[in-house]
Amino acid sequence: MQKFIIIAIDGPAASGKSSVAKKLADKLGFLYIDTGAMYRAITYYAQENNIEENENRIIDAVKKIDLVLKYSYGLTSVFIDGNDVTEKIRTPKVNSKVSDISKIKEVRTELVKLQRKFGENNNLVVEGRDTTTVVFPNADVKIYLTAEPKERAKRRFIEFKEKGIEISQEDVEKSLLNRDSIDSTRAVSPLTKAEDAVEIDTTNLTIDQEIEKIVEKIRNNGKQN
């Protein structure tokens, strides 16, 4: 039976997870999975259907909708029931609610099942907030990315600005810190660094420098096995 390699990357919002994971997957020829996009998609669906305050209806929805992720040429496309929602799930409105919906136990249970299926038949680079602790606790390589709050806010502010979304950097930082608090204190699968994860502070690192550190870790693992 073939053994597939799983590289799991966790960390708070705007710590560099997506940028690093995409480029690392391309470099290694692995499948890339953005678990955060899944929770964003459910949040967007709930908001569009005015059920974001109705936990039972959200749970019912996550069991019924057809959620599909497609990765190609550095871009993850997200589809709900055949509709492309890739851009619609990355807005301040979704950001403001995604942590609340992500902490619903039944939502996490359903999405974790889907995430694990990807790892059954693929070499994988997966990123999120509980990929090293809950989704893939036995991942071959575990990475925890972090960065100073102001640097993270700056990165996310630039992303919004490039998309033409008007919001102040101060408000972005407040939103990030609020998400940090919710994500790290929720009862189900909180954001936390796995004991055997390698922590990398990305505040003053380029993406290429971050990737080199991770590749070095992969090489070291290979020597030990």
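To be clear, the structure that these remarks concern was listed above.
Residues numbered from 1 in each chain as written. Predicted model: local features only at pLDDT ≥ 70, side-chain atom pairs only at ≥ 80, totals over all residues. Heavy atoms only, no water.

J.: Can you tell me about the side chain of Asp-10, naming the residues and giving the values?
T.: Turning to its location among the elements, Asp-10 is positioned in strand 1 (residues 6–10). Notably, Asp-10 is buried but unbridged: the nearest opposite-charge side chain belongs to Lys-17, and the N-O separation is 7.4 Å. Within the local environment of Asp-10, its side chain forms a polar contact with the backbone nitrogen of Arg-129, the two atoms lying 3.4 Å apart. (Helix = DSSP H or I, 4+ residues; strand = E, 2+ residues; numbered from the N terminus. Buried < 20%, exposed > 50% of the residue type's maximum accessible area, 1.4 Å probe, protein only. Lys, Arg positive; Asp, Glu negative; His and termini not counted. Salt bridge = Lys/Arg side-chain N within 4 Å of Asp/Glu carboxyl O. Polar contact = N/O pair within 3.5 Å; in protein donor to acceptor, adjacent residues only side chain to side chain.)

J.: If you had to explain the pattern of salt bridges to someone new, which residues and values would you point to?
T.: Per the stated rule, a full pass over the model turns up 17 salt bridges. Here Asp-100 makes a salt bridge to Lys-103, at a shortest N to O gap of 3.9 Å. Between Glu-170 and Lys-174 there is a salt bridge, with the nearest N and O atoms lying 3.4 Å from each other. Here Lys-174 and Glu-170 lie together in helix 8 (residues 169–185), a separation of four residues that amounts to about one turn. Salt bridges sharing partners connect three or more residues here, namely Glu-53, Lys-97, Asp-100 and Lys-103.

J.: Hey, could you go over the side chain of Lys-142 for me, with residue numbers and the actual values?
T.: Note on placement: Lys-142 falls in strand 7 (residues 141–146). Polar side-chain contacts of Lys-142 include one of 3.2 Å to the backbone oxygen of Thr-132. Ignoring any residue separated from it by four or fewer positions in sequence, one finds Lys-142 in contact with Ala-8, Thr-132, Phe-136, Pro-137, Ala-194, Asp-196, Ala-197 and Val-198. (Contact = heavy atoms within 4.5 Å.)

J.: So what's going on with the sheet that holds strand 3 (residues 67–72)? Residues and values would help.
T.: The strand order across the open sheet built from three strands is 3-4-5, with neighbouring strands paired in antiparallel fashion. Two strands lie at the open edges of the sheet, namely strand 3 and strand 5 (83–84), each paired on one side alone. Bridge analysis of strand 3 against strand 4 (residues 75–80) gives six bridges, and the strand direction is antiparallel. If you follow Lys-70 over to strand 4, its bridge partner there is Ser-77. Sitting on the sheet, helix 2 (residues 35–48) touches strand 3 and strand 4, and the angle it makes with strand 4 is about 35°. (Pairing = 2+ DSSP bridges. Axes fitted to C-alpha atoms, helices over the stretch in contact; angles between N-to-C directions.)

J.: Quick one: what's the story with the packing of aromatic side chains, residue by residue and with numbers?
T.: All chains considered together, the criterion is met by one aromatic pair. With a centroid separation of 5.0 Å and 65° between ring planes, the pair formed by Tyr-32 and Tyr-71 is classed as edge-to-face. Placement of the pair is Tyr-32 in strand 2 (residues 31–34) and Tyr-71 in strand 3, with a sequence separation of 39 residues. The class of Tyr-32 is buried, set by a relative accessible area of 2%. Tyr-71 gets classed as partly exposed once you look at its relative accessible area, which sits at 21%. Over the ring of Phe-79 we find Lys-70, and its NZ or CZ is 5.0 Å from the ring centre. (Phe/Tyr/Trp six-rings, centres within 6.5 Å; stacked < 30°, edge-to-face > 60°. Lys NZ or Arg CZ within 6 Å of the ring centre and 35° of its normal.)

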